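# Results of the structural survey
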2 protein chains.
Amino acid sequence: MTQTIPPSPPCLFIVGLGPGAPDQVTPQARAALAQATDLIGYGPYVARAVAGPDVVRHATDNRVELERARHALELALAGRRVVVVSGGDAGVFGMASAVFEAIDHGPEAWRDIDVQVIPGVSAVLAAAARLGAPLGGDFCVMSLSDNLKPRAVVHERLRAAAQAGFVIALYNPRSKARPGQLAEAFEVLRAVLPGTVPVAFARAIGRPDERVILHDLAHADPEQVDMSTLVLIGCERTHLIPRPQGQPWLYTSRRVDLPVDPA
Amino acid sequence: MTQTIPPSPPCLFIVGLGPGAPDQVTPQARAALAQATDLIGYGPYVARAVAGPDVVRHATDNRVELERARHALELALAGRRVVVVSGGDAGVFGMASAVFEAIDHGPEAWRDIDVQVIPGVSAVLAAAARLGAPLGGDFCVMSLSDNLKPRAVVHERLRAAAQAGFVIALYNPRSKARPGQLAEAFEVLRAVLPGTVPVAFARAIGRPDERVILHDLAHADPEQVDMSTLVLIGCERTHLIPRPQGQPWLYTSRRVDLPVDPA
C-alpha cells in the first residue's frame, strides 16, 4: 500500500530583524531564518541575518523593493523556503508592503503562497526605549522620503500631526539625493510648534556606532543627521529630565490638558 | 590588603513582553527577567513573565500606573533588581512613561537610578503582521481612552490623522466604563473618510484566543470590539487582496498620488 503525502503549499516568510543588536531578534524570527534556503533583502540586512550554512543570500541594492519582492515570490512558488528580511519591523517602511503590492499586481498563483509576516522591534521603538519614554502619548510614524509621495503631502502631514499634538517619528530623514529635506521639515514644524519642543536624533541604536543627540526644535541641526538616524520630534507634553550624571531622559507625559500629578 | 568593591548603582529595568506569544519575547527581555528579584506590573503581565524561581511578583490592578512606578523606584533604590513589565512595548501606552513621570515629580535620588527600557514587539506591529502590511505608509498610534485626555482632543486627533492620510491604530478602543467611545470615533472618521476604507479588529494576536475581523468603515461594528482588541483604520491607499483560500491580506500601498506600479 502506498501513501501519498500531499505537497506542502509554497510559503514565504517576511522577517523583521530588529534594530541591530542580536539580542533584539525574536526567537520566532530566528526560527524562520534557521529553516530558510534563501534570504532576500537589502545587502546589509541579508549580511546581518543569522541562518543555516547552506542558505543562499540574495543581497540587492536599496530602492529595488518591488523587483526583490517578485524574485522572492517566484522562488517561493518554485518550492524554495524563502525569507525576505528587513531591518527593524518589516511592516514599517520595510519589505512587507512591497511583497503584498507585488502580489496585488502579480499572477493569480502568488495568492496561494502562505505568506507569513514575523514582526520585529522597529527602529522607532528601539530609539524611544534608548531615550526614555518619548512615545508616552499619541504618536505618528512617517517616512520623510519623497520617492513615493509628493513633498507637499509630506509637509501637510507634518503640519497636521504637529497641530494635533502627536509626537512625530521620522524615518529616512535625509539622503545624498535629498539633503535639504529635513531642514524643510523643521521649517514646517517651527511654524506650528514652540521652539522649545525637544528633538532627538537617535542614530544606529543597538549597533556599535550608536549615537544620541538631544536638541530643541529651534536649534535642531539637520547636518547632524544621516540616513541611519531616527528623528523624534516631541509635542508640548514632552520633557527632558536632567540627571546628575549621564544623558537626560526624554519622556512625554500621558496626560493632556490636565494638571500634572502633584506627587 | 583589603579591596573595596564600589557598590553598583541602583538600577531598574522596564521590559516589554511582546504581544503574548513566548517566541515573540526578545532574548534581551528574557535576560532582564532572569536576573530580577522583583517583578512589578499589571497582574496578567506579571503572571505571564518568565523569571527565576525566587522572584517576588507584585501584581497590581490596572489604572494605578503611577503608584506602581513609585513602588518600583523605591524598591530599586533599596537595592532590589526590579523589572517593571508591560505587554507589547513598554513605551507604547505601557509603563515606561509612568516611571519617568514618577521620577520627574519624585525625590532627587531617583534620578541616580540606572533606568533601562527594553523594547518589545508592540501590539500594533503584531496585529499589522498578522493582517499583511497595513502600516505600509505613514501611520499614527492613538489611545482611545479618555482617562488622561479630554474626548475633544481624541476626536480632533482622529479627524486630523484621517484628513492627512495616516493609517490609524487605536489602543484601548473600548471598556465597560466607556462603551460608546469607539462608535463615536467611527462617526468622526466617517465624516472624513470614504465608507469603503478597510477596518480591522485584531484581538489578542499571538495568544490562543486570537481573532481577526475585517470590515469596511461603513459597516464596522463596535460591538465586536473589547479592550484586548487593536483597531486599525486604513487610508484611501489601503486594500484587501482576496485569496482563493484563507483570510484576505490587508496592505497599504507605499505610494501616494502616483499611479500604481504597472507590473
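Quick caveat, the model's predicted, so the values are computed rather than measured.

### Topic: the overall build of chain A
What chain A contains, in helices and strands, is 7 helices and 13 strands. Expressed along its principal axes, the backbone C-alpha trace of chain A runs to roughly 80 × 40 × 35 Å. Counting all 263 residues of chain A, 56% fall into the buried class. Pairs at least 24 apart in sequence give 67% of the contacts found in chain A among residues at least 6 apart. By element, 53% of the accessible surface of chain A is carried by carbon and sulfur atoms, the whole surface being about 10,600 Å². Put simply, chain A has 25 plus and 27 minus side-chain charges, and the middle of one group is 4 Å from the middle of the other.

### Section: the interface of chain B and chain A
The interface is formed by 76 residues belonging to chain B together with 76 residues belonging to chain A. Approximately 6,800 Å² of surface area, both sides summed, lies buried where chain B meets chain A, with 59% of it carried by carbon and sulfur atoms. Summed over the shared surface of chain B and chain A, the result is 10 salt bridges. In this structure, the salt-bridge partner of A:Glu101 is B:Arg255, at a minimum N-O distance of 3.7 Å. Inspection of the chain B/chain A interface yields 26 residue pairs in polar contact (both at pLDDT 80 or more). A per-element tally of the side of chain B that touches chain A places helix 4 (residues 95–104) of chain B first, with 7 residues. As judged from the 3 bridges shared by strand 7 (residues 139–143) of chain A and strand 7 (residues 139–143) of chain B, these two strands associate in the antiparallel manner. Within the sheet, the bridge partner assigned to A:Phe139 lies in strand 7 of chain B and is B:Val141.

### Focus on the pairing of strand 2 (residues 38–42) of chain B
All names here are of chain B. Summarising burial for strand 2: 4 of the 5 residues are buried, a large majority. As defined by bridge partners, strand 2 adjoins strand 3 (residues 56–60) across 5 bridges and the pair is classed as parallel. Residue pairing for strand 3: aspartate 38 is matched across the bridge by valine 56. In the classification by handedness, the crossover that spans strand 2, the intervening helix 2 (residues 43–48) and the parallel strand 3 is right-handed. Two elements, strand 2 and strand 4 (residues 82–86), share 3 bridges in a ladder whose sense is parallel. What sits directly across from aspartate 38, in strand 4, is valine 82.

### Re the packing of helix 6 (residues 151–163) of chain B against helix 7 (residues 181–190) of chain B
Residue and element names in this part refer to chain B. In the contact formed by helix 6 and helix 7, the axes pass within 9 Å of each other and the chain directions differ by 40°. Taken together, the axis directions place helix 6 and helix 7 in an arrangement best described as oblique. Regarding helix 6 and helix 7, the two cross each other, and that crossing is right-handed. Residue-level inspection shows Arg151, His155, Leu158, Arg159 and Ala162 of helix 6 in contact with helix 7, the latter providing Gln181, Glu184, Ala185, Val188 and Leu189. When its residues are assigned to classes, the contact of helix 6 with helix 7 shows 5 nonpolar, 2 polar and 3 charged.

### Topic: the sheet that holds strand 10 (residues 211–216) of chain B
Strand order in the open sheet formed by 10 strands is 10(A)-9(A)-11(A)-8(A)-7(A)-7(B)-8(B)-11(B)-9(B)-10(B), with mixed pairing between adjacent strands. On the outer flanks of this sheet lie strand 10 (211–216) of chain A together with strand 10 of chain B, each paired with one strand and no other. When strand polarity is set aside, the average angle formed by the axes of neighbouring strands in this sheet is 15°. Note: strand 9 (residues 198–203) of chain B against strand 11 (residues 229–233) of chain B, 5 bridges, orientation antiparallel. Paired with B:Ala200 across the two strands is B:Leu232, which belongs to strand 11 of chain B. The strands touched by helix 5 (residues 123–131) of chain B within the sheet are strand 7, strand 8 (167–171), strand 9, strand 10 and strand 11 of chain B, with strand 11 of chain B carrying the most contacts at an inclination of about 65°.

### Details of the side chain of A:Ser122
Of note, A:Ser122 is situated in the loop between strand 5 (114–118) and helix 5 (123–131). Classification of A:Ser122 by relative accessible area gives buried; the value is 1%. Leaving out residues up to four positions away in the same chain, A:Ser122 has contacts with A:Gly88, A:Asp89, A:Tyr171 and B:Leu125.

### Concerning the relation of the copies chain B and chain A
Of the transformation placing chain B onto chain A, the axial shift is 0.0 Å and the rotation is 180°, giving an RMSD of 0.0 Å. With respect to symmetry, the two chain copies, as superposed, fit the operation of a two-fold axis. Using C-alpha coordinates, one finds that chain B approaches the rotation axis most closely at B:Cys140, a distance of 1.9 Å. Both copies contact each other with a shared surface, as 100% of the interface residues of chain B are interface residues in chain A too.

### Some words on the UniProt feature "domain: Tetrapyrrole methylase" (unreviewed entry) in chain A
On the UniProt side, "domain: Tetrapyrrole methylase" (unreviewed entry) is annotated at positions that read residues 12–218 of chain A here. Helix makes up 33% of residues 12–218 of chain A and strand 24%, with an end-to-end C-alpha separation of 46 Å.

Rules behind the numbers
Residues numbered from 1 in each chain as written. Chains lettered and ligands numbered in written order. Predicted model: local features only at pLDDT ≥ 70, side-chain atom pairs only at ≥ 80, totals over all residues. Heavy atoms only, no water. Helix = DSSP H or I, 4+ residues; strand = E, 2+ residues; numbered from the N terminus. Buried < 20%, exposed > 50% of the residue type's maximum accessible area, 1.4 Å probe, protein only. Contact = heavy atoms within 4.5 Å. Areas by Shrake-Rupley, 256 points an atom, 1.4 Å probe, with all protein chains shown as cover. Lys, Arg positive; Asp, Glu negative; His and termini not counted. Charge placed at Lys NZ, Arg CZ, Asp CG, Glu CD. Buried area = accessible area lost by both parts, 1.4 Å probe. Salt bridge = Lys/Arg side-chain N within 4 Å of Asp/Glu carboxyl O. Polar contact = N/O pair within 3.5 Å; in protein donor to acceptor, adjacent residues only side chain to side chain. Pairing = 2+ DSSP bridges. Right-handed = clockwise from strand over helix to strand, strands pointing away. Axes fitted to C-alpha atoms, helices over the stretch in contact; angles between N-to-C directions. Parallel < 35°, antiparallel > 145°, perpendicular 65-115°, else oblique. Left-handed = near helix turned anticlockwise from the far one by under 90°. Nonpolar A, V, L, I, M, F, W, Y, C, P; charged D, E, K, R; others polar. Least-squares fit on C-alpha atoms with pLDDT ≥ 70 in both. UniProt positions renumbered as here; feature names shortened; annotations may be inferred.

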